[in-house]
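Residue strings, one per chain:
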Amino acid sequence: DGGITQSPKYLFRKEGQNVTLSCEQNLNHDAMYWYRQDPGQGLRLIYYSQIVNDFQKGDIAEGYSVSREKKESFPLTVTSAQKNPTAFYLCASSLAGTGFYEQYFGPGTRLTVT
Amino acid sequence: AQTVTQSQPEMSVQEAETVTLSCTYDTSESDYYLFWYKQPPSRQMILVIRQEAYKQQNATENRFSVNFQKAAKSFSLKISDSQLGDAAMYFCAYRREYKLSFGAGTTVTVRA
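As a starting point, this report considers the structure included with it. If you're wondering where the values come from, they're calculated on a predicted model, not measured in any experiment.

Considerations on the overall build of chain A
Okay, step 1: Tallying secondary structure elements over chain A gives 0 helices and 11 strands in all.
Okay, step 2: Ordered by position from the N terminus, the helices and strands of chain A form the series β-β-β-β-β-β-β-β-β-β-β.
Okay, step 3: For 114 residues, the compact-globule formula gives about 13 Å, and the C-alpha radius of gyration of chain A, at 13 Å, lands near that figure.
Okay, step 4: On the principal axes, the C-alpha backbone points of chain A span a range of 40 × 30 × 30 Å.
Okay, step 5: Sorting the 114 residues of chain A into buried and exposed places 49% on the buried side.
Okay, step 6: Expressed as a percentage of contacts within chain A between residues at least 6 apart in sequence, the contacts between residues at least 24 apart total 52%.
Okay, step 7: A total of about 5400 Å² of accessible surface is found on chain A, and carbon and sulfur atoms cover 47% of it.
Okay, step 8: The averaged location of the 11 negative side-chain charges in chain A is 8 Å from the averaged location of its 11 positive side-chain charges.

Comments concerning the side chain of Q25 of chain A
All names here are of chain A.
Okay, step 1: Within the fold, Q25 resides in strand 3 (residues 19–25).
Okay, step 2: Of note is the side chain of Q25, whose polar atom sits 2.7 Å from the backbone oxygen of H29.
Okay, step 3: Excluding anything up to four places from it in sequence, Q25 contacts G3, I4, M32, R68, K71, E72 and S93.

Quick word on the nonpolar core
General note: in soluble globular proteins, nonpolar side chains tend to be found buried as a group.
Residues and elements named next belong to chain B.
Okay, step 1: Counting residues in each nonpolar core, the largest one holds 25 residues, and the members touching the most others are Y25, W36, F75, L77 and Y90.
Okay, step 2: Residue assignment for this core shows that the elements contributing at least two residues are strand 3 (19–21), strand 5 (33–39), strand 6 (46–52), strand 8 (64–69), strand 9 (74–79), strand 10 (88–96) and strand 12 (106–111).
Okay, step 3: Tallying contributions element by element places strand 10 first for this core, with 4 residues.
Okay, step 4: Beyond its immediate stretch of four places on either side in the chain, F75 contacts C23, Y25, L34, F35, W36, Q51, V66, N67, F68 and C92.

Section: the interface of chain B and chain A
Okay, step 1: In this complex, chain B contributes 21 residues to the contact, which on the side of chain A involves 23 residues.
Okay, step 2: Across the chain B to chain A interface the summed buried area is about 2100 Å²; carbon plus sulfur atoms make up 57%.
Okay, step 3: Here chain B and chain A share 1 salt bridge between them.
Okay, step 4: Two residues, D59 of chain A and K99 of chain B, come together in a salt bridge whose shortest N-O distance is 2.7 Å.
Okay, step 5: At the junction of chain B with chain A, the criterion picks out 6 residue pairs in polar contact (both at pLDDT 80 or more).

A look at the sheet that holds strand 7 (residues 64–66) of chain A
Residue and element names in this part refer to chain A.
Okay, step 1: The sheet built from 4 strands is open, its strands ordered 1-3-8-7 with antiparallel pairing. If you trace the sheet from one side to the other, it starts and ends with strand 1 (4–7) and strand 7, each paired once. Averaged over all pairs of adjacent strands, the angle between strand axes in this sheet comes to 20 degrees, irrespective of strand direction.
Okay, step 2: For strand 7 and strand 8 (residues 76–78), the ladder comprises 3 bridges, and the chain directions are antiparallel.

Some remarks on the layout of surface pockets
Residues and elements named next belong to chain A.
Okay, step 1: Its volume calculated, the second largest pocket comes out at about 160 Å³.
Okay, step 2: Around the second largest pocket, the lining is made up of 14 residues, and of these E15, S80, Q82, P85 and V113 lie nearest the centre.
Okay, step 3: Of the residues in the lining of the second largest pocket, the class split is 6 nonpolar, 5 polar and 3 charged.

Quick word on the pairing of strand 12 of chain B
All names here are of chain B.
Okay, step 1: In strand 12, alternate side chains face the same way, and those of T106, V108 and V110 are buried while those of T107, T109 and R111 on the opposite face are not.
Okay, step 2: Judged from the 5 bridges that link them, strand 2 (residues 10–14) and strand 12 form a sheet pairing that is parallel. Among the inter-strand pairings, E10 is bridged to a residue of strand 12, identified as T107.
Okay, step 3: Two strands pair when backbone bridges link them, and strand 10 and strand 12 are joined in this way by 3 bridges, in the antiparallel orientation. The residue bridging A88 from the neighbouring strand is V108, located in strand 12.

Definitions and limits used
- Residues numbered from 1 in each chain as written.
- Chains lettered and ligands numbered in written order.
- Predicted model: local features only at pLDDT ≥ 70, side-chain atom pairs only at ≥ 80, totals over all residues.
- Heavy atoms only, no water.
- Helix = DSSP H or I, 4+ residues; strand = E, 2+ residues; numbered from the N terminus.
- Rg over C-alpha atoms; globule rule 2.2 N^0.38 Å.
- Buried < 20%, exposed > 50% of the residue type's maximum accessible area, 1.4 Å probe, protein only.
- Contact = heavy atoms within 4.5 Å.
- Areas by Shrake-Rupley, 256 points an atom, 1.4 Å probe, with all protein chains shown as cover.
- Lys, Arg positive; Asp, Glu negative; His and termini not counted.
- Charge placed at Lys NZ, Arg CZ, Asp CG, Glu CD.
- Polar contact = N/O pair within 3.5 Å; in protein donor to acceptor, adjacent residues only side chain to side chain.
- Core = buried A, V, L, I, M, F, W, Y, C linked by side-chain atoms within 4.5 Å.
- Buried area = accessible area lost by both parts, 1.4 Å probe.
- Salt bridge = Lys/Arg side-chain N within 4 Å of Asp/Glu carboxyl O.
- Pairing = 2+ DSSP bridges.
- Axes fitted to C-alpha atoms, helices over the stretch in contact; angles between N-to-C directions.
- 1 Å grid on protein atoms, 1.4 Å probe; cavity = no way out; pocket = protein on both sides within 12 Å on 5 of 7 lines; lining within 4 Å.
- Points joined across faces, edges and corners; volume = space filled by probe spheres on them.
- Nonpolar A, V, L, I, M, F, W, Y, C, P; charged D, E, K, R; others polar.

Structure (structure tokens):
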């Protein structure tokens, strides 16, 4: 089965700790994305990557970091610099380029920081 | 970031009836793509329908159809013959090049 895996589903951390969210896809997509979802708001783009070893900041990149060492993996680190990290995080992937491509989403990770 | 506005936070529809969700967007571009995504209680995002801006014809997918008004920058979604499984949050999204911008969503409740 092709798809996107995000783990874990729920994650709890203490304030001041960095935490890494996993995202793996076996769709052979070149492009991958990270979004944040807060109650009452739509998804907001954190980072995206069109190719291995390259990534760009989205609209709300402050306090986050990513890496793209493998085509199938795009982990997101929420650092202690992120002021309000508690949120639902969604990873997505798509074919690269500017064509009429659908983004496929993973099941999400709910991060709670106390 | 592009602005996508969904002015209806919540909509309720009787089973088998029709409901229309509104979406407007702000852009100065002529070449872009528009999408409607569904997020059920499981929170899995599912593509419902998509539209290319250069196509005049409105997209249709089974019971889902759009009314795309390019000059008005409007992209509404019509759900016909509503079913209980249609209950979800619906997001309108605008895509230009690599970036997808989402509206705040409309929660659809289906009454049996």
